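Coordinate inspection notes
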Amino acid sequence: MSVRIAVLCSGGGTNLQALIDAQEAGQIDGKIVLVLSNASKAYALERARKHGIEDKFISKKQLGSDVAFNDAILAELRRVRAELVVLAGYLPIVGEQIVRAYEHRIINIHPALIPAFCGPGMYGHHVHEAVLAYGAKISGATTHFVDEQVDHGGVIMQESVPVLEDDTPDTLAARVLTVEHRILPESVRLFCAGKLGVDGRRVHVL
């Protein structure tokens, strides 16, 4: 039985596309059953439609509170019987009720080498700007399980890239994104194959 996957996105969805491509190539023993976004114009929703995947927009503004917003998302995850939740460029902080319901079953991708350049406010170009401002010589991407703290759960995979002398946030972001497109599908593949074991903060490939 393939694993039922829900993907949460806020933007263009290139990491979602990497997952769709891996699924369609038969590399993942899983099926994306829902793409959900908090942004009505997120191109990720269009990507889902193009591949016959159900898409859903849920607005925090319409629901009025973080609790109601996350309750609505959790209801959608349960409705589609999702077994794995993937955060692929999803900006809101996932509510505690979702984290508790999906312990060790939510995977996030972060565009830096956690625990560096992560935590509240560190997302998207803010990360790459911080890396360059600090003068770091390497950056990269991390996949990790999600817990109740931001960018804190156990690390699944990491891959580094060099930071070049003439880098801008855009050029660094592009280099990191190629890594994201490799390690997110691979992390999902390992999960779906039952090859990820969790021991406290440590995640083992079995």
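This text follows the structure it describes.
Residues numbered from 1 in each chain as written. Predicted model: local features only at pLDDT ≥ 70, side-chain atom pairs only at ≥ 80, totals over all residues. Heavy atoms only, no water.

1. A few points about the environment of L34
Mapping L34 onto the fold places it in strand 2 (residues 30–37). Not counting chain neighbours up to four residues away, the residues in contact with L34 comprise I5, A6, V7, I53, E54, D55, K56, E76, R79 and V80. (Helix = DSSP H or I, 4+ residues; strand = E, 2+ residues; numbered from the N terminus. Contact = heavy atoms within 4.5 Å.)

2. Quick notes on helix 6 (residues 125–134)
Those residues of helix 6 not exposed but buried are V127, H128, A130 and V131. The buried residues of helix 6 occupy an angular sector of 160° when projected down its axis, which confines them to one face. Those residues of helix 6 hidden inside the fold are in contact with strand 5 (106–110), strand 6 (138–145) and helix 7 (169–192). The first or second residue beyond helix 6 is G135, which carries a positive phi of 85°. (Buried < 20%, exposed > 50% of the residue type's maximum accessible area, 1.4 Å probe, protein only. Arc of directions from axis to C-beta.)

3. Side note on the environment of M157
Mapped onto the elements of the fold, M157 is located in strand 7 (residues 155–162). Along the sequence, M157 and Y123 sit 34 residues apart, while their C-alpha atoms lie 18 Å from each other. Sequence-distant contacts of M157, defined by excluding residues within four places in its chain, comprise A141, T142, T143, I183, E186, S187 and L190.

4. Some thoughts on the packing of aromatic side chains
How two aromatic rings sit relative to each other is set out by the distance from centre to centre and by the angle between their planes. Under the criterion given, the structure shown has one aromatic pair. Considering the side-chain rings of F117 and Y134, the 5.8 Å spacing of their centres and the 80° angle between planes classify their relative orientation as edge-to-face. With F117 in the loop between strand 5 and helix 6 and Y134 in helix 6, the pair connects residues that are 17 residues apart, well separated along the chain. (Phe/Tyr/Trp six-rings, centres within 6.5 Å; stacked < 30°, edge-to-face > 60°.)

5. Here's the deal with unusual backbone geometry
The step from I114 to P115 runs through a cis peptide bond, and the omega angle for that step is 15°. Here P115 is to be found in the loop between strand 5 and helix 6. The phi dihedral of F117 is positive, around 50°, even though this residue is not glycine. In this structure, D151 takes a positive phi of about 55° despite not being glycine.

6. Describing the packing of helix 6 against helix 7
Their axes nearest at 9 Å, the elements helix 6 and helix 7 cross at an angle of 110°. As far as their axial angle goes, helix 7 and helix 6 are roughly perpendicular. For the pair helix 6 and helix 7, the crossing hand works out as right-handed. Listed contacts from helix 7 to H125, H128, E129, V131 and L132 of helix 6 are P169, D170, L172, A173 and V176. Looking at the contact of helix 6 with helix 7, its residues break down into six nonpolar, two polar and two charged. (Axes fitted to C-alpha atoms, helices over the stretch in contact; angles between N-to-C directions. Parallel < 35°, antiparallel > 145°, perpendicular 65-115°, else oblique. Left-handed = near helix turned anticlockwise from the far one by under 90°. Nonpolar A, V, L, I, M, F, W, Y, C, P; charged D, E, K, R; others polar.)

7. Examining the side chain of Q17
Relative to the helices and strands, Q17 is located in helix 1 (residues 14–24). In this structure the side chain of Q17 is engaged in a polar contact, spanning 3.2 Å, whose partner is the side chain of R47. (Polar contact = N/O pair within 3.5 Å; in protein donor to acceptor, adjacent residues only side chain to side chain.)

8. Describing helix 4 (residues 66–79)
The end-to-end C-alpha separation of helix 4 is 20 Å, in line with the 20 Å expected for 14 residues at 1.5 Å each. For helix 4, the set of buried residues is F69, N70, I73, L74, E76 and L77. The buried residues of helix 4 all sit within an arc of 155° when viewed along its axis, so they share a single face. With respect to the buried face of helix 4, the exposed residues turned more than 90 degrees away are V67 and R78. Buried positions along helix 4 lie against strand 1 (3–9), strand 2, strand 3 (55–57), helix 3 (60–63), strand 4 (84–87) and helix 5 (96–101). Directly beyond the C-terminal end of helix 4, a positive phi value near 55° is found at R81. (Expected span 1.5 Å × (residues − 1).)

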